[in-house]
Amino acid sequence: MAGLNISVGFFFSVICLSQLTRWISKKLLPARIYRCTVSEFASFLQLCACYMEIRMLVEIGMWGGGYGLDVVSTLLFLLFLAHGFTFDGASANSSVSLQEFLLKDSPLVDTILKLVAQVGGMEAARFLTRQYWRLELTEFHTIQMMMLDDCSSSLQTTVAQGTFVEALSAFCYHIMLLHFQNTRLFFRVPISALTITLLAYAGGPYTAAYINPVLAYALTFNCPGKTLQEYSIVYVAGALIGMVLAIFLYRGNIPRLFQKNLLYNQKSKFRTPKTKSVQSAVSKNALPSPKGSEKKRKKVTKEKKSS
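Residues numbered from 1 in each chain as written. Predicted model: local features only at pLDDT ≥ 70, side-chain atom pairs only at ≥ 80, totals over all residues. Heavy atoms only, no water.

## Brief notes about a nonpolar patch on the surface
Defined as follows: Like-charged residues are merged into a patch within 9 Å and nonpolar side chains (Val, Leu, Ile, Met, Phe, Trp, Tyr) within 5 Å, provided each residue has over 30% relative accessible area and no salt bridge. Only the protein chains shown count as cover for residues, and all accessible areas are computed by the Shrake-Rupley method using a 1.4 Å probe. One side-chain nitrogen of Lys or Arg within 4 Å of one carboxyl oxygen of Asp or Glu is enough to make a salt bridge. Only DSSP runs of H or I with at least four residues qualify as helices, and only runs of E with at least two residues qualify as strands; both kinds are numbered from the N terminus onward.
A cluster of nonpolar side chains, namely Leu20, Trp23, Ile24, Leu28, Leu29 and Ile33, defines an oily patch on the protein surface of about 610 Å² accessible area. Considering each element in turn, the nonpolar patch owes the most residues, four residues, to helix α1 (residues 2-28). One can find Ile33 in helix α2 (residues 31-64).

Here it is as structure tokens:
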């Protein structure tokens with residue numbers, strides 16, 4: 001239990017450090033530069049460092065301290081709740097950044113800056129977490145340092161099946177993002193955290209369902225067992241395929257590539273009135289009928305004759 005408390009303290013310290021970085025840089029930098037660089041850097045550092053500690057608990061804690069999937073899943077859910085409320089609009093996810101580009105929500109320059117910042121946050125998280133492990137505050141960290149260069153791969157199935165699992169997980173995640181993108185943050189963050197937790201629980205035995213190519217690169221690309229090409233097919237191509245399918249099925253098109261909706265008919269919400277009926281109604285109300293005018297004329301002439 002002491003090892004778990006130390007890990008929770010590490011999570012809290014990383015979140016506070018990232019939040020302090022965001023708070024200071026937000027006051028000093030222009031909004032666009034902050035959003036595309038420091039915000040993504042600090043948020044990905046926070047995400048990657050916490051995920052590395054979680055993965056250590058999964059690999060070592062299950063037999064070393066009795067930490068089952070229930071404990072790990074609870075920690076993952078609570079962490080993504082904290083991430084959602086502290087990221088300050090950053091995605092910390094390369095697939096989400098590319099989704100924003102395809103939806104025309106982010107220009108190309110901003111997207112490139114976000115991806116570079118995420119890679120920088122990944123490297124900073126790896127350095128920070130390894131320095132923390134070198135302190136060997138628990139037996140888990142000692143074992144982790146001993147097997148640092150001999151980690152176990154998260155890809156525990158064939159490339160074809162792994163690509164399918166990662167694409168399906170990415171599809172479900174991005175459909176959720178698109179559906180709840182205009183929902184209030186108070187409701188959107190728990191839904192997103194629950195979705196990620198369920199996908200990680202379901203896809204854990206196969207690919208761990210990272211749904212984030214840069215995060216997958218940090219956690220499993222250097223592990224033996226699979227080649228770089230196989231990892232790229234599963235975690236990069238799979239995630240992108242799921243993301244593109246989610247946009248296409250939800251929107252009916254890819255806004256960055258073409259404007260025409262290929263799946264759904266766009267019907268106007270407002271009905272335009274028929275011109276004939278409107279003109280006839282106006283003419284009836286505005287112009288008197290010829291018969292009525294003749295009767296009035298005859299009546300006037302009779303009155304003049306009688307007088």
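Back to the text.
## Overview of the UniProt feature "transmembrane region" (unreviewed entry) in the protein
Stated formally: UniProt positions are given in the numbering used here, feature names are shortened, and annotations may be inferred rather than shown by experiment.
In this numbering, the UniProt entry assigns the feature "transmembrane region" (unreviewed entry) to residues 6-24, 60-81, 185-211 and 231-250. Each end of residues 6-24 is marked by a C-alpha atom, and these two atoms are 27 Å apart; helix forms 100% of the span and strand 0%. With 100% helix and 0% strand, the stretch residues 231-250 has end C-alpha atoms that lie 28 Å from each other.

## Observations regarding the nonpolar core
Basically, it comes down to this: Each nonpolar core is a collection of buried residues, namely Ala, Val, Leu, Ile, Met, Phe, Trp, Tyr and Cys, held together in the definition by side-chain atoms within 4.5 Å. To sort residues, take the accessible area from a 1.4 Å probe on protein chains only and compare it with the maximum for the residue type: under 20% means buried, over 50% means exposed, and anything in between is partly exposed. Between two residues, a contact is recorded if the distance between any of their heavy atoms is within 4.5 Å.
Core analysis: the largest hydrophobic core is formed by 60 residues, its most contacted members being Cys48, Tyr51, Tyr173, Tyr210, Leu215 and Tyr235. The element contributing the most residues to this core is α2, with 12 residues. When neighbours within four sequence positions are excluded, Tyr51 is seen to be in contact with Leu76, Phe80, Tyr210, Leu215 and Leu219. Counting residues in each nonpolar core, the second largest holds seven residues, with Phe101, Leu102, Leu103 and Ile254 among its members.

## Thoughts on the packing of aromatic side chains
To keep things clear, this is the line we draw: Each Phe, Tyr or Trp ring (for Trp, its six-membered ring) is paired with any other whose centre lies within 6.5 Å, and the angle between the two planes then decides the class: stacked below 30 degrees, edge-to-face above 60, tilted in between.
Taken as a whole and judged by the stated rule, the model has 10 aromatic pairs. Ring geometry for Phe10 against Tyr132: centres 4.1 Å apart, planes inclined by 10 degrees, an arrangement best described as stacked. Residue Phe10 is located in helix α1, and its partner Tyr132 is located in helix α5 (residues 108-134); the two are separated by 122 residues in the primary sequence. Note on Phe10: relative accessible area 7%, which makes it buried.

## Observations concerning the pattern of salt bridges
Taken as a whole and judged by the stated rule, the model has five salt bridges. For Lys114, the salt bridge goes to Glu100, with nearest N and O atoms at 3.0 Å. Of this pair, Lys114 sits in helix α5 while Glu100 sits in helix α4 (residues 94-102), and the two are 14 residues apart along the sequence. A salt bridge links Glu123 to Arg126, with the nearest nitrogen and oxygen atoms 3.9 Å apart. Residue Glu123 and its partner Arg126 are both found in helix α5; the two are separated by three residues, about one turn of the helix.

## Focus: α4
As a reminder of what qualifies: A 3.5 Å cut-off defines polar contacts: any pair of N or O atoms within that distance qualifies, except that in protein one atom must be a possible hydrogen donor and the other a possible acceptor, and neighbouring residues in sequence count only when both atoms are side-chain atoms.
Of all nine residues in α4, seven are buried; the element is thus mostly enclosed. The distance from a side-chain oxygen at the start of α4 to the backbone nitrogen of Ser95 is 2.9 Å, and the residue carrying that oxygen is Asn93. With its phi angle positive at about 65 degrees, Lys104 sits one or two positions after the end of α4.

## Concerning the packing of α5 against helix α9 (residues 213-220)
What counts is decided by this rule: Every axis corresponds to a line fitted to the C-alpha atoms, with the helix fit spanning only the stretch in contact, and the corresponding angles, defined between N-to-C directions, vary from 0 to 180 degrees. Oblique is the label for every angle not falling under 35 degrees (roughly parallel), over 145 degrees (roughly antiparallel), or within 65 to 115 degrees (roughly perpendicular). Crossings are assigned a handedness: left-handed for a near helix turned anticlockwise from the far helix by less than a right angle, right-handed for a clockwise turn. Here the nonpolar group is Ala, Val, Leu, Ile, Met, Phe, Trp, Tyr, Cys and Pro; Asp, Glu, Lys and Arg are the charged ones; every other residue, Gly included, is treated as polar.
As a packed pair, α5 and α9 sit with axes 10 Å apart at the nearest point and diverge in direction by 25 degrees. The orientation of α5 with respect to α9, classified from their angle, is roughly parallel. Seen along the crossing, α5 lies across α9 with a hand that is right-handed. Across the interface between the two elements, Gln118, Val119, Met122 and Arg126 of α5 pack against Val214, Tyr217 and Ala218 of α9. Class assignment for the residues of the contact of α5 with α9 results in five nonpolar, one polar and one charged.

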